[in-house]
Amino acid sequence: MTTATLQNLPRTIEWVGDLSGHVALIDQTLLPEHLAIVQCHDVQTLWQAIRRLQVRGAPALGIAAAMGVVLGVRSSRAATVEELRADIDGVCAYLGGARPTAVNLFWALDRMRAWGAAWGRAAVDGLKLSLLEEARRIRDEDAATCRAIGCAGAHLIRDGTGVLTHCNAGWLATAEFGTALALMYTAHEAGRRFHVYADETRPLLQGSRLTAWELSRAGIDVTVVCDNMAGLLMRQGKIDLVVTGADRIAANGDVANKVGTYSVAVLAEAHRIPFYVAAPSSTFDSQTPSGDRIPIEERDAEEVRRGFGRLTVPADVPCFNPAFDVTPARLIRGIVTERGMIEPVQRDRIDAVLGKEPGGRGHHTLRRE
Ligand code: MRU
């Protein structure tokens, strides 16, 4: 049974203990060889965990950022709530520099700052405790959101469907259950038999190391393919549906996700295969008008040149390593959210499903760029 198997997994990320406790997260750099937990007792260790991708995936980054705020301010010597708010701002600015693309990180920092700003009492310790409660709420809400996304999109997967996914948008990328993979877990729980093809996802192999690991543990049929095999699979008629996650969705519906997603979307269009994205409302950024304004993280060239310890590129040849790319809204058939399906992917449909005022301000105010 899927849920039983998945529930045996440790939480992707959680706060352990009371305010003097710590953040525990699955070290995703070690999978699939080792399932190990990293303990973060200070905000610097958590920042490093984010930068090194020990914790990764947009919703999980939001949870990490919220818990990081607690780690960063719990020992603050602020004598007044006003002083503590200044410390919260400082920690948010620090954490906001860890990774630039996933908007969930900034969404969570904004939410923690807003929580501090709305605190109406004089007790500094009370606010610290309350920030921990808010961070835990962000985790728990994400878990519920993922279940709702699964319910909203599972109908796309029927008996016999061949599904292609890219990167990892599953249990490991969220509080639990996932976004794109939530559709698969929910369809599996409903007794449907289908096959998932997981793109390997160069250069850090989130597809082969993480997606294949968690789907196989859940008893879902999964085959790993190299990224350059997707076109062949489509031509062979093995793919009926593509579903990926998202790191940031601009106001016009353009989607930033793991680099290579755009290529898959173009291939899907060429083969008339529906391409869907699954993401929570916290991944939508109404302040960024279109995909070309989304900041794209560029990572160390060594990740390409010397992937997993072996020199695979001549040492003196430059490598380019953008972590994400942007898929234009026109290539996306629909976006599955916890509030329902956005289809077609257009600004007015996004606003209608998310319940925002058309053209109204979004809630992401903290920006790195
Ligand atoms: O660099 P990563 O591993 O953090 O990239 C993650 C992705 O691109 C995921 O597809 C995205 O965050 C969605 S997770 C539900």
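For every chain, the first residue of its written sequence is number 1, and the numbers climb from 1 along that sequence. For this predicted model, a pLDDT threshold of at least 70 governs which residues receive local features, and a threshold of 80 or more governs which side-chain atom pairs are given and counted, while totals over whole chains, interfaces and linings are taken from all residues. Water and hydrogen atoms were dropped before computing side-chain values, which therefore reflect all heavy atoms in the structure.

**As for the domain arrangement of the chain**
Right, so step 1: Where each domain begins and ends is defined by an automated method or by a domain database. When cut into domains, the chain gives domain 1 (3–147) and domain 2 (153–354).
Right, so step 2: Relative placement of domain 1 and domain 2: their C-alpha centres are 25 Å apart.
Right, so step 3: Across the interface of domain 1 and domain 2, roughly 3300 Å² is buried in total on both sides, 57% from carbon and sulfur atoms.
Right, so step 4: Note on terms: buried area is the combined drop in 1.4 Å-probe accessible area of two parts once they are placed together, counting the loss on both. In terms of surface lost to domain 2, no three residues of domain 1 exceed Leu6, Arg56 and Thr101, which account for 20% of the buried area on that side.
Right, so step 5: By definition, a salt bridge exists where a carboxyl oxygen of Asp or Glu is found within 4 Å of a side-chain nitrogen of Lys or Arg. Connecting domain 1 to domain 2 are three salt bridges.
Right, so step 6: Arg147 is the salt-bridge partner of Glu176, the closest N and O atoms lying 3.3 Å from each other.
Right, so step 7: Polar contact criterion, stated in full: a pair of N or O atoms within 3.5 Å, where within protein one must be able to donate a hydrogen and the other to accept it, and residues adjacent in sequence count only if both atoms are side-chain atoms. Here domain 1 is connected to domain 2 by 20 residue pairs in polar contact (both at pLDDT 80 or more).
Right, so step 8: Mapped onto the side of domain 1 that touches domain 2, the elements with two or more residues apiece are helix 1 (2–7), helix 3 (58–73), helix 5 (103–118) and helix 6 (124–153).
Right, so step 9: Strands are runs of DSSP state E lasting at least two residues, helices are runs of H or I lasting at least four, and both sets are numbered from the N terminus onward. No other element matches the six residues that helix 6 contributes to the side of domain 1 that touches domain 2.
Right, so step 10: Tallied by class, residues from the side of domain 1 that touches domain 2 come to 19 nonpolar, 10 polar and seven charged. Under the scheme applied, nonpolar residues are Ala, Val, Leu, Ile, Met, Phe, Trp, Tyr, Cys and Pro; charged residues are Asp, Glu, Lys and Arg; polar residues are all the others, including Gly.

**Quick look at the site of the ligand**
Right, so step 1: Put simply, a residue is near a molecule or strand once any heavy atom of it comes within 4 Å of that molecule or strand. Surveying the vicinity of the ligand reveals 17 residues, the closest of which are Arg56, Arg99, Asp247, Asn257 and Lys258.
Right, so step 2: Arg99 places a side-chain nitrogen or oxygen 2.8 Å from an oxygen atom of the ligand.
Right, so step 3: In the complex, 100% of the free accessible area of the ligand, which totals 420 Å², lies under the protein chains.
Right, so step 4: Of the two site types, the cavity is a set of points on a 1 Å grid over the protein atoms alone where a 1.4 Å probe fits but cannot get out, and the pocket is an open set with protein on both sides within 12 Å along at least five of seven lines, each lined by residues with an atom within 4 Å of a point. For a molecule to be placed in a cavity or pocket, more than half of its atoms must lie within 2 Å of the grid points of that cavity or pocket. Here the ligand is seated within the largest cavity.
Right, so step 5: Counting residues per element, the ones that place at least two in the shell around the ligand are helix 3 and strand 9 (255–258).
Right, so step 6: Counting contributing residues per domain, the shell around the ligand is built from domain 1 (3–147) and domain 2 (153–354), each supplying no fewer than three. Surface accessibility follows the Shrake-Rupley procedure with a 1.4 Å probe radius. Residue values consider only the protein chains on display as shielding.

**Focus: the layout of surface pockets**
Right, so step 1: Grid points are joined across faces, edges and corners, and a volume is the space filled by probe spheres set on the points. The calculated volume of the second largest pocket comes to roughly 210 Å³.
Right, so step 2: Along its surface, the second largest pocket is lined by Gln28, Thr29, Arg51, Arg52, Leu53, Arg56, Leu204, Gln206, Arg209, Arg299, Glu303 and Phe308.
Right, so step 3: Its residues assigned to classes, the lining of the second largest pocket comprises three nonpolar, three polar and six charged.

**Examining the pattern of salt bridges**
Right, so step 1: Evaluation of the coordinates by the stated rule reveals 18 salt bridges.
Right, so step 2: For Glu302, the salt bridge goes to Arg306, with nearest N and O atoms at 3.1 Å.

**Let's talk about the sheet that holds strand 6 (residues 222–225)**
Working definition: the strands of a sheet are paired by backbone hydrogen bonds and lie parallel or antiparallel to each other.
Right, so step 1: Here, strands pair whenever DSSP counts at least two bridges between them. Taking strand neighbours across the sheet as the criterion, the seven strands line up as 6-5-4-7-10-13-14 in an open arrangement whose pairing is mixed. Two strands bound the open sheet, and with one partner strand each, they are strand 6 and strand 14 (340–342). Averaged over all pairs of adjacent strands, the angle between their axes in this sheet comes to 25°, without regard to strand direction.
Right, so step 2: What makes two residues a contact is simply this: any of their non-hydrogen atoms within 4.5 Å. Only the contacting stretch of a helix is used when fitting its axis, a line to C-alpha atoms as for every element, and angles between N-to-C directions run 0 to 180 degrees. On top of the sheet, helix 6 reaches strand 10 (275–278), strand 13 (334–337) and strand 14; it is set at about 135° to strand 13, its chief contact.

**Notes on the sheet that holds strand 11 (residues 284–285)**
Right, so step 1: If you walk across this open sheet you meet the four strands as 11-8-9-12, and the pairing is mixed. Because the sheet does not close on itself, it has two edges, and the strands there are strand 11 and strand 12 (324–327).
Right, so step 2: In this structure, strand 8 (residues 248–250) lies alongside strand 11, joined through two bridges in parallel fashion. Opposite Ile249, over in strand 11, you have Phe284 as the bridge partner.

**Digging into the nonpolar core**
Right, so step 1: Each nonpolar core is a collection of buried residues, namely Ala, Val, Leu, Ile, Met, Phe, Trp, Tyr and Cys, held together in the definition by side-chain atoms within 4.5 Å. For every residue, the accessible area (1.4 Å probe, protein chains only) is compared with the maximum for its type, and the residue is labelled buried under 20%, exposed over 50%, or partly exposed between those bounds. Ranked by size, the top nonpolar core spans 49 residues in total, and within it Val23 and Leu25 carry the most contacts.
Right, so step 2: Those elements giving two or more residues to this core turn out to be strand 1 (13–16), strand 2 (22–26), strand 3 (37–40), helix 2 (43–51), helix 3, helix 4 (81–96), helix 5 and helix 6.
Right, so step 3: Sorting elements by how many residues they give to this core places helix 3 first, with 12 residues.
Right, so step 4: When near neighbours in sequence (up to four residues on either side) are disregarded, Leu25 contacts Thr12, Ile13, Ala36, Ile37, Val38, Cys40, Leu46, Ala49, Gln54 and Val55.
Right, so step 5: Grouped together as the second largest cluster of nonpolar side chains are 33 residues, Leu6, Leu181, Ala187 and Leu215 included.

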